[in-house]
Amino acid sequence: CFNIGNEVIAAATNVSKNKTTLTIINIAINATKFITFSLAFSLAIMIGIQGAGKTTFCKMRLSDYEYVNLDILKTRDNEEKLVKKLFGEGKSFVVDNTNRYKFDRQRYIPRAIAKGYKIVGYYFEPDLKACLRRNRKRSRKVPEKVIKEYKGIVLNNKPTYDEGFDKIYTVI
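Residues numbered from 1 in each chain as written. Predicted model: local features only at pLDDT ≥ 70, side-chain atom pairs only at ≥ 80, totals over all residues. Heavy atoms only, no water.

Undergrad: What am I meant to see in the side chain of Asn99 here?
TA: Along the chain, Asn99 turns up in the loop between strand S9 (93–95) and helix H4 (102–105). What makes Asn99 buried here is its relative accessible area of 3%. Here the side chain of Asn99 touches Asn97 through a polar contact of 3.3 Å, landing on its backbone oxygen. (Helix = DSSP H or I, 4+ residues; strand = E, 2+ residues; numbered from the N terminus. Buried < 20%, exposed > 50% of the residue type's maximum accessible area, 1.4 Å probe, protein only. Polar contact = N/O pair within 3.5 Å; in protein donor to acceptor, adjacent residues only side chain to side chain.)

Undergrad: Would you mind showing me how to read the sheet that holds strand S8 (residues 66–68) here?
TA: Within a sheet, neighbouring strands are paired by backbone hydrogen bonds and run either parallel or antiparallel to one another. Pairing is parallel in the open sheet, where five strands are placed in the order S8-S9-S7-S10-S11. Every other strand in the sheet has two partners, leaving S8 and strand S11 (167–171) as the edge strands with one partner each. Recorded for the sheet is a direction-independent mean angle of 20 degrees between the axes of neighbouring strands. Here strand S10 (residues 118–124) pairs with S11 via five bridges, running parallel. Within S11, the position partnered with Val120 by the bridge is Lys167. Strands in contact with helix H1 (residues 54–61) are strand S7 (42–47), S8, S9, S10 and S11; relative to S7, the strand with the most contacts, it is inclined by about 150 degrees. (Pairing = 2+ DSSP bridges. Axes fitted to C-alpha atoms, helices over the stretch in contact; angles between N-to-C directions. Contact = heavy atoms within 4.5 Å.)

Undergrad: I would appreciate a short explanation of the pattern of salt bridges in the present structure.
TA: Note that side chains of opposite charge can pair when their charged atoms are close. Per the stated rule, a full pass over the model turns up nine salt bridges. Residue Glu80 pairs with Arg111 through a salt bridge whose shortest N-O separation is 2.7 Å. Of the two residues, Glu80 sits in helix H3 (residues 76–89) while Arg111 sits in helix H5 (residues 109–114), which places them 31 residues apart along the sequence. A residue is classified by how much of its surface remains accessible, and Arg111, at 27% relative accessible area, is partly exposed. A salt bridge links Glu163 to Arg105, with the shortest nitrogen-to-oxygen separation between them at 2.7 Å. In this pair, Glu163 sits in the loop between helix H7 (144–155) and S11 while Arg105 sits in helix H4, placing the two residues 58 residues apart along the sequence. Owing to a relative accessible area of 6%, Glu163 belongs among the buried residues under this scheme. (Salt bridge = Lys/Arg side-chain N within 4 Å of Asp/Glu carboxyl O.)

Undergrad: How do you make sense of the packing of aromatic side chains when you look at a structure like this?
TA: We describe a pair of aromatic rings using the distance from one ring centre to the other and the angle between the two ring planes. Inspection of the entire model under this criterion finds eight aromatic pairs. Ring geometry for Tyr122 versus Tyr169: centroids 5.5 Å apart, planes at 20 degrees, classification stacked. In this pair, Tyr122 is assigned in strand S10 and Tyr169 in strand S11, connecting sequence segments 47 residues apart. Its relative accessible area of 39% is what places Tyr169 among the partly exposed residues. Through successive ring pairs, a cluster of aromatic residues spans Phe41, Phe87, Phe93 and Tyr117. (Phe/Tyr/Trp six-rings, centres within 6.5 Å; stacked < 30°, edge-to-face > 60°.)

Undergrad: Which parts of the structure should I look at to understand the packing of helix H6 (residues 128–136) against H7?
TA: The packing of two helices is summarised by the inter-axis angle and the distance between the axes. Direction vectors running N to C along H6 and H7 enclose 150 degrees, while the axes themselves pass 11 Å from each other. By the criterion of interaxial angle, the relationship of H6 to H7 is roughly antiparallel. Classified by chirality, the crossing of H7 by H6 is right-handed. In this structure, H6 contributes Leu128, Cys131, Leu132, Asn135 and Arg136 to the contact, and H7 contributes Glu144, Ile147, Lys148 and Lys151. Residues belonging to the contact of H6 with H7 are distributed by class as follows: four nonpolar, one polar and four charged. (Parallel < 35°, antiparallel > 145°, perpendicular 65-115°, else oblique. Left-handed = near helix turned anticlockwise from the far one by under 90°. Nonpolar A, V, L, I, M, F, W, Y, C, P; charged D, E, K, R; others polar.)

Undergrad: Looking at this structure, I do not really get unusual backbone geometry. What am I missing?
TA: Of all residues except glycine, most have a negative phi; of all peptide bonds, most are trans. Unusually for a residue other than glycine, Lys74 sits at a positive phi of about 75 degrees. Relative to the elements of secondary structure, Lys74 occurs in the loop between helix H2 (70–73) and H3. Residue Lys74 is classed as exposed on the basis of its relative accessible area of 65%. The backbone of Asn99 sits at a positive phi, close to 45 degrees, despite the residue not being glycine.

This is the structure in structure tokens:
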């Protein structure tokens, strides 16, 4: 038996003379959708300036992932507690922060590798005009000079496979 979070997946082995059959039981999800057991959990890391659309992307494309966001959690200590819990439970999760520097991303990647996670980076190509326009519509605005500064930082610190990513997507 494999225990993944609250799910238990049974693998049964039948042995008869020279034949071994390994059966992996599919789990029914929502009574219509089936998945097959996989050891790979996913860590999705958003990378981009404020107003790039990272949070909207998470809501639209990664809504089945657990959500980690420093703005919501308020402190790195709170974020670390949640990340540690999610790794401990073996849950897929998304980190929706700017993650503009390699060292920001390295808070998560080495542990994800050690736990056997698939690590996917979503790099949001900076479109300064669009980001500033979206920022003006926010209830909690980021100063424009910060967004402009972060654009240069993000452009000079694009994610690379040597950081430990299994896949990097560019979102435009």
